[in-house]
Amino acid sequence: MADAAALGACPVPIGEAERVLIGHGSGGKLTSELLERMIFPALSNPALDARDDHALLSIGGARIAFTTDSYVISPIVFPGGDIGELAVNGTVNDLAVGGAWPIALSLSFILEEGLPLADLARVIESVRRASMRVGVPIVTGDTKVVERGSADRIFINTSGVGVVPAGLELGSAQIRPGDAILVSGTIADHGIAVMAHRTGLELGDLASDTAPLHALVAALLRACPDVHAMRDPTRGGLAATLVEIAARHRLGIEIEEAAIPIRDPVRGACELLGLDPLLVANEGKLVAFVPAASTDRALASMRAQPLGRHAACIGSVVARHPTIVELATPIGGRRILDLPYAEPLPRIC
Amino acid sequence: MNYLDEYRDAKACAIRLGWIREAVTRPHVIMEVCGGQTHAILRYGLDRMLPRELELVHGPGCPVCVTALETIDRAHAIAATPGVIFASFGDMLRVPGSRTDLLASRARGADVRVVYSPLDALELARANPDRRVVFFAIGFETTAPANAMALIRARREHVDNFSMLASHVLVPPAIASILQAPDNRVEAFLGPGHVCAITGTGAYESLAAHFRVPIAITGFEPVDLLDGVLAVVRQLERGTATVENVYRRTVSPDGNRAACAALAEVFDVTDRSWRGIGAIPRSGYRINEAYRAHDAERVFDVGEIATREPEACVSGLVLRGVKKPSDCPAFGTRCTPQTPLGATMVSAEGACAAYYQHGRRPRGGDPA
């Protein structure tokens, strides 16, 4: 076979992973593979199979949104916030982008032996403040301690429940060709702030954007009840959200790269570290898919909110090239956006 | 002026594209050597904006791709040695050797750490005096000076538990090798801007004169790349073959003398085997006698390295610009970033990875 003759010479590829690799947690293709091969098939049910940011359950006539997330970020304190604040806002946001008003959170700690109690107190205080800010109580929880070395200081899991108002039909299955794609503000703030802090880069003026989006979502839905879908682009960045939606619902997406809002210090840090901002995590931003005719109204409603001042329309859903996300580059060229295999590694050269 | 936006300006690009279109009267094959340039071209979609007569081929400018399999295997063996902290740039972690890669080694318990600078690795050695710290030093002339500095400091400050596995490669011999190949199609080069910032442009003058090929020393932003293409196209059309520096804000003819002095202090030029291409004489650096105590190749006896890689490899044809990634029958099907068959797909700087990442699928499957 010509194939084998030409290629039998190439170095033998490493076979499929037999162990968990750090890339399995990156939000890229390795993560998808793990979910698709091992988790979804084993646990399949209609609510899970919808694969949205939260599950939608019908309980006694009401629609309850239920979501969970774990927070393992290191360092636990970073410019702009800490793991406690992240743990509340992240779960609130997974509910909010489904149109669910957050009702209650659970909170589980896994603490490493030796963690200074002062650090724990700080995290608890952050959780308290974040939950007060949103008005969502922590109603149940758990605390475990493991030996030194078995956890990285503190791991947190939060789960949340919320109520989706009757008549609100949100979800990525609602997205249609022609829809406008909006972002609520500047991208890559969180991931870059954490990376720069970790690598000791003193670039000034970099801070996580961690914030609860429930009020922004409420304002958007009031002005624009015909929003089709929203997502919060966390791990894997804006790219992960767009690529996943395009692939799952066989839609084409076209984005104007120059229209994507990004702060100068963040852009500079991305250049220095060799990272694509589209792949970097956000913790206080949403992506919304709205009917084209509602674009201006939707943008105006977000821009009137403190967390949506830099909201922008970055592109649209199209009928052409289904499953492909295409970017118009700032100089007039085109490229296709895809997910990396694992962690986007900074380039060396 | 922030030295970014001006060189990404759409109007400035459009003007240069116009000049290029005016200048071209027949087909030309142009190679850019540097992986960073390959990526920028694909990231901005530049190659598709050029006139059809111009074919851009991508050279062996990815140090990760061309690191010899034996060196990779040696790195894995050292990383698996008890008590070793193995420090590397992120890119090298996924490169498959004969049996494994560094990420998988780490999952099995090896202490492998990502660093952003060789000086971070030196710091690890100072902070862990009971461990042996090894830094994986690959790259072109661009990264070699920092590695030389780390070794100079290590020796001066008696950081005896620090060593380096060095496998640097040099660009000019690679260009000569490409031009000497009987199936060579390349007529002009976009020279590596950051390599020349270190070395200066002298070696490229010799190449241009000897092989009669125009070379434009080029940067990495869209405007820079178009300046480079314009310069070589004009030369090709009028039949001249000289070196032009179109990256003047960074490159001077003599390069960086302090960096070159550091290189001379620590490294000897040596023959080197380039993965996918083969042996190229005097095409690499190795740590010299004076610094032997910090040469991981001599410090660690990992026994016989039995590599598993036959003579020919399609990656080699891609690295020399004879084939495009999309010409390879396995590209995008059997060979993807998840299941790389060759070096050019493994490395983020490699041409195949760049093509794949920016959506160039096998011929016939290309949607754009």
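The rules behind the values
Residues numbered from 1 in each chain as written. Chains lettered and ligands numbered in written order. Predicted model: local features only at pLDDT ≥ 70, side-chain atom pairs only at ≥ 80, totals over all residues. Helix = DSSP H or I, 4+ residues; strand = E, 2+ residues; numbered from the N terminus. Rg over C-alpha atoms; globule rule 2.2 N^0.38 Å. Buried ≥ 20, exposed ≤ 12 C-beta atoms within 10 Å, placed from the backbone. Contact = placed C-beta atoms within 7 Å. Pairing = 2+ DSSP bridges. Axes fitted to C-alpha atoms, helices over the stretch in contact; angles between N-to-C directions. Left-handed = near helix turned anticlockwise from the far one by under 90°. Nonpolar A, V, L, I, M, F, W, Y, C, P; charged D, E, K, R; others polar. Domains from an automatic or database assignment. Core = buried A, V, L, I, M, F, W, Y, C linked by C-beta atoms within 7 Å. Parallel < 35°, antiparallel > 145°, perpendicular 65-115°, else oblique.

> Can you explain the overall build of chain A? Please cite residues and give values.
When helices and strands are counted, chain A shows 10 helices and 14 strands. Over its C-alpha trace chain A gives a radius of gyration of 21 Å, about what one expects of a compact globule, namely 20 Å for 349 residues. Taking the principal axes of the C-alpha coordinates as reference, chain A spans close to 65 × 50 × 45 Å. Residues classed as buried in chain A amount to 46% of the 349 residues present. Sequence separation of at least 24 residues holds for 84% of the intrachain contacts in chain A that already meet a minimum separation of 6.

> Outline the sheet that holds strand β9 (residues 229-231) of chain A, listing residues and values.
All names here are of chain A. Sheet architecture is open: 7 strands sit in the order β9-β11-β8-β12-β10-β13-β14, paired in mixed fashion. What marks the edges here is a single partner per strand, and that holds for β9 and β14 (334-337). Looking at each pair of strands side by side, their axes are set apart by 25° on average, direction ignored. Bridge count for strand β10 (residues 252-256) against strand β13 (residues 325-328) is 4 bridges, and the pairing is parallel. The partner of I255 across the bridge, within β13, is L327.

> Let's hear about the packing of helix α7 (residues 214-223) of chain A against helix α10 (residues 295-303) of chain A: which residues, and what values?
Residue and element names in this part refer to chain A. Following both chains from N to C, one finds α7 and α10 inclined at 145°, their axes separated by 9 Å at the closest point. In this structure, α7 crosses over α10, and the sense of that crossing is right-handed. On the side of α7, the interface is formed by L216, A219, L220 and A223, while α10 contributes R297, A298, S301 and M302. A per-class count over the contact of α7 with α10 returns 6 nonpolar, 1 polar and 1 charged.

> Tell me about the domain arrangement of chain B, and please be specific about residues and values.
Residue and element names in this part refer to chain B. With domains assigned, chain B is organised as domain 1 (5-64 + 172-245) and domain 2 (68-170 + 257-299). Here the C-alpha centroids of domain 1 and domain 2 sit 30 Å apart. Of the residues lining the interface, 11 residues belong to domain 1; the matching set on domain 2 comes to 19 residues. Breaking the side of domain 1 that touches domain 2 down by element, the ones donating at least two residues are α3 (63-66), α8 (171-180) and α9 (193-199).

> Tell me about helix α2 (residues 35-44) of chain B, and name the residues and values.
What sets the pattern is the α-helix's 3.6 residues per turn: residues three or four places apart point alike. Extensive coverage of α2(B) is indicated by the burial of 9 of its 10 residues. Along α2(B), the residues classified as buried are G35(B), G36(B), Q37(B), T38(B), H39(B), A40(B), I41(B), L42(B) and Y44(B).

> I'd like a description of the nonpolar core, backed by residues and values.
If you look at the biggest cluster of nonpolar residues, it comprises 119 residues, and the most contacted ones within it are F86(B), V134(B) and I215(B). With 8 residues, helix α11 (residues 222-238) of chain B is the single largest residue contributor to this core. Structurally, this core is a two-domain feature, drawing no fewer than three residues from each of domain 1 (5-64 + 172-245) and domain 2 (68-170 + 257-299) of chain B. Apart from the residues within four sequence positions on either side, F86(B) is in contact with I78(B), A79(B), A110(B), D111(B), V112(B), V134(B) and F136(B). Core analysis: the next-biggest nonpolar cluster, separate from the first, contains 86 residues, F109(A), V123(A), V317(A) and I324(A) among them.

> Residues and numbers for the domain arrangement of chain A, please.
Residues and elements named next belong to chain A. The domain boundaries assigned to chain A delineate domain 1 (52-164) and domain 2 (172-337). Of the residues lining the interface, 22 residues belong to domain 1; the matching set on domain 2 comes to 23 residues. Elements with a contribution of two residues or more to the side of domain 1 that touches domain 2: α4 (83-96), β5 (101-112) and α5 (117-134). It is α4 that contributes the most residues to the side of domain 1 that touches domain 2, 8 residues altogether. Its residues assigned to classes, the side of domain 1 that touches domain 2 shows 11 nonpolar, 6 polar and 5 charged.

> Quick one: what's the story with the environment of G202(B), residue by residue and with numbers?
Among the secondary structure elements, G202(B) is positioned in helix α10 (residues 202-211). A C-alpha to C-alpha distance of 12 Å links G202(B) and G191(B), two positions 11 residues apart in sequence.

> So what's going on with the sheet that holds strand β2 (residues 62-71) of chain A? Residues and values would help.
Backbone hydrogen bonds are what pair the strands of a sheet, in a parallel or an antiparallel way. Residue and element names in this part refer to chain A. Judged by pairing direction, the sheet is mixed, and its 5 strands sit side by side in the order β1-β2-β7-β5-β6 without closing on themselves. Of all strands in the sheet, those with a lone pairing partner are β1 (55-59) and β6 (138-146), marking the two edges. Taken over all neighbouring pairs, the strand axes of this sheet differ in orientation by 20° on average, direction set aside. Where β5 and strand β7 (residues 154-164) come together, 10 bridges link them in antiparallel fashion. In the strand pairing of β7, A104 is matched with V161. Sitting on the sheet, α4 touches β2, β5 and β7, and the angle it makes with β7 is about 30°.

> Report on the packing of helix α6 (residues 189-198) of chain A against helix α9 (residues 264-273) of chain A, specifying residues and quantitative values.
All names here are of chain A. Following both chains from N to C, one finds α6 and α9 inclined at 55°, their axes separated by 10 Å at the closest point. When the axis of α6 is compared with that of α9, the two are oblique. As α6 packs across α9, the resulting crossing turns out to be left-handed. Here α6 contributes D189, I192, M195 and A196 to the contact with α9, which in turn contributes V266, A269, C270 and L273. Residue composition of the contact of α6 with α9, by class: 7 nonpolar, no polar and 1 charged.

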